[in-house]
Structure formats: C-alpha cells, structure tokens
Amino acid sequence: THRPKLRVRLLKVKPLEIGKPVQIEYIVANIGENDAVKVRSEITLKVITGHGGEEKSWTNEFQMADVITGGCNTPTHVADAIVSPDWGDVLKNPNGAVRILGTITYEEKSGIRRKTGFFRECTDGLNRFSRFGTEDIQRDYEYED
C-alpha cells in the first residue's frame, strides 16, 4: 500500500508543424508514499487521417528522472524529432485523430520493477486527451502494475 504508483495527467501536444520538433507535455504523479527510482518512459505519437486512413507515428524513449518522490508531481516535456514533410496530408485532414501511447518503467528502492501504461486520444484541440477505445482496449493499455 505504500509502494510508488505513477499516473499520467494533463497530457498536451504542441501544434504539429512541418519542420518543427514534436513537443509533448504531461505530468507524472506519484500517488504512492514511497519514491520511484530510475524512471524511464517510452512514448508514441500517432496521427491518423479519417476512417481507415493513413497513419504517421513517432516514438521516443528517454530517461525521465532519477527519483520521483512519493506524493509529488513531476512535469515532463519531450521535444524531439522534426515533423517531416511527408506528414503534410495527415496534418491537414480535419477528420483525423491524434493518439498518445506510452509506458513508464520504474523501480521501487527495493529493486522491484513496475510499469504504468497509458493510451489517450485527443478530444479537444491538442490540450485535452481522454482514454482511448473500449473498456477492453483501455484495460490492455491503461494500467499500473
């Protein structure tokens, strides 16, 4: 009951522009009492055109923090890769979707490894993301172990 437990909150994506870096911001909250250490994250951004359309994705793995203290929030900013010109048609399609899929891997001080997963879809501009899909999909991708 005292172990670290990480959750993702307030996910935002800066507007995507050809030639500019992909920029994603979110808060990682440790709702447990103990510290999470050696925190790493992998995040994938997917941009999809309308029904059954083209999909472009970008993935980045990075070291987030050495320690996320129990009961604290850690702002996270990822800026990497340049949006390539071949994303042009996908970004222009107003019927598309923007999704973020990610995992956060961390350890308890005792060495036990844990993982938190999240899968969110943009529901209002790029500043509001909600859990994606049906309950079955959410159960597969939204978890804390």
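What you see is a predicted model, and the numbers here were worked out from it, not measured in a lab.

Looking now at the pairing of strand β6 (residues 97-107). Counting buried residues in β6 gives nine out of 11 residues, a clear majority hidden from the surface. Pairing geometry for strand β3 (residues 36-48) and β6, over 10 bridges, is antiparallel. Within β6, the position partnered with S41 by the bridge is I104. Judged from the nine bridges that link them, β6 and strand β7 (residues 113-124) form a sheet pairing that is antiparallel. Its bridge partner lying in β7, T103 is registered against G117. Connecting β6 to the antiparallel partner β7 that follows it, the hairpin turn spans five residues, and G111 within it adopts a positive phi of roughly 100°.

Right, let's get into the nonpolar core. Membership of the largest hydrophobic core comes to 30 residues, with the highest contact counts inside it found for I24, Y26, L45, I100 and I104. Non-local contacts of L45, meaning those with residues more than four positions away in its chain, are made with L16, V22, I24, K56, S57, W58, W87, V98, R99 and I100.

In this section: the pattern of salt bridges. Pairing is possible between side chains of opposite charge, provided their charged atoms come close. Per the stated rule, a full pass over the model turns up 13 salt bridges. Residue K56 pairs with D86 through a salt bridge whose shortest N-O separation is 3.2 Å. Of this pair, K56 sits in strand β4 (residues 55-68) while D86 sits in the loop between β5 (73-82) and α1 (88-92); the two residues are 30 residues apart in sequence, bridging distant segments of the chain. The class of D86 is partly exposed, set by a relative accessible area of 45%. Across the pair R99 and E121 runs a salt bridge, and its minimum N-O distance is 2.9 Å.

What follows concerns the sheet that holds strand β2 (residues 21-30). Taken in spatial order, the three strands line up as β1-β2-β5 in an open sheet, and their pairing is antiparallel. Two strands in the sheet have a free side with no partner beyond their single neighbour: β1 (6-13) and β5. Shown here is a sheet whose adjacent strand axes are inclined to one another by a mean of 25°, direction ignored. With nine bridges connecting them, β2 and β5 associate as antiparallel partners. Bridge pairing in β5 links I27 to P75.

Cut-offs and rules
Residues numbered from 1 in each chain as written. Predicted model: local features only at pLDDT ≥ 70, side-chain atom pairs only at ≥ 80, totals over all residues. Heavy atoms only, no water. Buried < 20%, exposed > 50% of the residue type's maximum accessible area, 1.4 Å probe, protein only. Helix = DSSP H or I, 4+ residues; strand = E, 2+ residues; numbered from the N terminus. Pairing = 2+ DSSP bridges. Core = buried A, V, L, I, M, F, W, Y, C linked by side-chain atoms within 4.5 Å. Contact = heavy atoms within 4.5 Å. Salt bridge = Lys/Arg side-chain N within 4 Å of Asp/Glu carboxyl O. Axes fitted to C-alpha atoms, helices over the stretch in contact; angles between N-to-C directions.

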